[in-house]
Amino acid sequence: MDLKETIEGLKEKIRGEMEKISSHKIFLETKMKFLGRGGEVQSLFKGLKDVPKEEKPAAGKLINDFGAWAEKIFDEREEKIKKEELEKRLNSEKVDVTMPGKEFGLGSYHPDTLIKRELVDVFSGMGFEIFEGPEIETDYYNFTALNTPKDHPARDMQDTFYLTDTLLLRTQTSAGQIRVMEKHGPPIKILSPGKVYRSDQDATHSPMFSQMEGLVVDEGITMCDLKGMLDEFAKKIFGEKVETRLRPSYFPFTEPSVEVDVSCFSCGGKGCRLCKGTGWIEVLGAGMVNRKVLSGCGIDPDKYTGFAFGMGVERIAMLKYGITNMKNLFDGDVRFLSQFKGQGGTV
Ligand code: DAH
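To keep things clear, this report deals only with the structure shown in the data block. (Residues numbered from 1 in each chain as written. Predicted model: local features only at pLDDT ≥ 70, side-chain atom pairs only at ≥ 80, totals over all residues. Heavy atoms only, no water.)

## As for the nonpolar core
By size, the foremost hydrophobic cluster in this structure holds 36 residues, and its most contacted members are Phe123, Phe233 and Phe309. Going through the elements one at a time, helix H5 (111-125), strand E5 (208-218), helix H8 (223-238), strand E7 (254-263), strand E8 (280-289), strand E9 (305-312) and helix H10 (313-321) are the ones with two or more residues in this core. Non-local contacts of Phe123, meaning those with residues more than four positions away in its chain, are made with Phe128, Leu191, Met229, Phe233, Phe309 and Met311. Membership of the second largest hydrophobic core comes to 20 residues, among which are Ala175, Val180, Ile188 and Phe253. (Core = buried A, V, L, I, M, F, W, Y, C linked by side-chain atoms within 4.5 Å. Buried < 20%, exposed > 50% of the residue type's maximum accessible area, 1.4 Å probe, protein only. Helix = DSSP H or I, 4+ residues; strand = E, 2+ residues; numbered from the N terminus. Contact = heavy atoms within 4.5 Å.)

## A short note on the packing of aromatic side chains
Given two aromatic rings, their pairing is described by the distance between the two centres and the angle made by the two planes. Taken as a whole, this structure holds 14 aromatic pairs when the rule is applied. Plain terms: the ring middles of Phe123 and Phe128 are 5.4 Å apart, the flat faces sit at 80 degrees to each other, and that makes the pair edge-to-face. Neither residue differs from the other here; Phe123 and Phe128 are each classed as buried. Summarising the aromatic geometry, the rings of Phe128 and Phe309 are spaced 6.1 Å apart at their centres and angled 80 degrees between planes, so their arrangement reads as edge-to-face. (Phe/Tyr/Trp six-rings, centres within 6.5 Å; stacked < 30°, edge-to-face > 60°.)

## Some points on the pattern of salt bridges
Under the defined criterion, the tally for this structure stands at 20 salt bridges. Where Glu137 meets Arg179, a salt bridge forms, and the shortest distance between an N and an O atom there is 2.7 Å. With Glu137 in strand E2 (residues 136-138) and Arg179 in helix H7 (residues 175-183), this residue pair connects regions lying 42 residues apart in the sequence. The class for Arg179 is partly exposed, based on a relative accessible area of 25%. For Lys227, the salt bridge identified is with Asp231, shortest N-O distance 3.3 Å. With Lys227 and Asp231 both in helix H8, this residue pair falls 4 residues apart, about one helical turn. Judged by its relative accessible area of 26%, Lys227 falls in the partly exposed class. (Salt bridge = Lys/Arg side-chain N within 4 Å of Asp/Glu carboxyl O.)

## Describing the environment of Met157
With respect to the element layout, Met157 can be found in the loop between helix H6 (139-142) and strand E3 (167-169). For Met157, a relative accessible area of 48% gives the class partly exposed. As a C-alpha pair, Met157 and Trp280 span 123 residues in sequence and 23 Å in three-dimensional space.

## Remarks on the site of the ligand
With respect to spatial proximity, 16 residues lie near the ligand, and among them Gln172, Ser174, Arg198, Gln211 and Glu213 are the closest. Interatomic distance of 2.5 Å between a side-chain N/O atom of Glu213 and an oxygen atom of the ligand. Interatomic distance of 3.2 Å between a backbone N/O atom of Ala308 and an oxygen atom of the ligand. Calculation on the ligand without its partners gives an accessible area of 350 Å², and the protein chains cover 91% of this total. Every element with two or more residues in the shell around the ligand is listed here: E5, E8 and E9. Grouping the amino acids of the shell around the ligand by side-chain chemistry returns 5 nonpolar, 9 polar and 2 charged. (Near = heavy atom within 4 Å. Polar contact = N/O pair within 3.5 Å; in protein donor to acceptor, adjacent residues only side chain to side chain. Areas by Shrake-Rupley, 256 points an atom, 1.4 Å probe, with all protein chains shown as cover. Nonpolar A, V, L, I, M, F, W, Y, C, P; charged D, E, K, R; others polar.)

## Here we look at unusual backbone geometry
A cis amide bond, omega 0 degrees, links Pro186 with the succeeding residue Pro187. In this structure, Pro256 follows Glu255 across a cis peptide bond, with omega equal to 0 degrees. Inspection of the secondary structure puts Pro256 in strand E7. Not every positive phi belongs to a glycine, and Asp151 is a case in point at roughly 70 degrees. With respect to the helices and strands, the residue Asp151 is situated in the loop between H6 and E3. The class of Asp151 is exposed, set by a relative accessible area of 77%.

## Quick word on the sheet that holds E8
Taken in spatial order, the 7 strands make up an open sheet running E1-E4-E5-E9-E8-E7-E6, and their pairing is mixed. Each having just a single partner strand, strand E1 (129-130) and strand E6 (244-251) make up the two edges of the open sheet. When E1 meets strand E4 (residues 188-197), the two strands line up parallel, connected through 2 bridges. Of the residues in E4, the one forming a bridge with Glu129 is Ile190. Helix-sheet contacts for H7 involve E4, E5, E8 and E9, and the interaxial angle to E5 is about 35 degrees. In the packing of H8 onto the sheet, contacts are made with E6, E7, E8 and E9, and the angle to E6 comes to roughly 120 degrees. (Pairing = 2+ DSSP bridges. Axes fitted to C-alpha atoms, helices over the stretch in contact; angles between N-to-C directions.)

This is the structure:
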């Protein structure tokens, strides 16, 4: 067949194929068929060996021109198909700005944090300053200076984790009282929050828990001041109608010592499950700072008096939020924690 005709035929075929190209992948396959190795253009060149010598230059030129023409056609088509594909992608990935956004899984404050903040708020409102002591304490600050020398039976009240003979994980934030009294003379009005440790575990006890200790020392401080402050605290934390009562108790570092109850905020004092039918709930220990403790810290007990109190933060949280198992406070289960969503402001 005449070479010119063959080339015309191929051109026709290429134009036809161009119409059918619907993706860049098909484009590349088509291009290979004509311009690739073993493709139509190459076979035309191969055919040159059968062309008479004098016609070879003209035939070669024809094929070269055809090749250049085809390259151009394919280049143009490639540009077009790339544009078409980009447009298709942009259309399919169009963002609908009117769609509602995905909800962010914001966390919630832990009830322990909520109650700690509330307590710190209430007491700083009454003029207490915050003091934080160390969690690893000496036996002296945790016990001896608090009028609980070695072999004192009161040491058995708290199952202690000892680190060495003289170092321990503090069992009570009361240890902070001594540090403050030794360092600063009266007047003192501090609140000492922090973690404490005891070898103890059941539904209402955990080996690690939090306490808040309060200490007020000045001239003329009496038990009435303690009672007045406790009334204020109870109303702020548990509700305006709540009252407090003091029961005699024993702590080595206070004399007299009391156990403080609040009237049941759940039943109003009539008796219910929360208050075990008594109408009262025990919330903390307190008392007038023992003369021995004051003088041990270099404070004249004839001139100064003071009161102290200490409470378990988790206990307050459990009472306030109706939590029955302390484990819930330490498990980190988001189903439990999510019930506190929205409380205490934005996380
Ligand atoms: N430290 C005591 C405890 O852990 C609580 C306590 C009782 C603290 C009476 C005090 C207090 O400051 O006066 O059981």
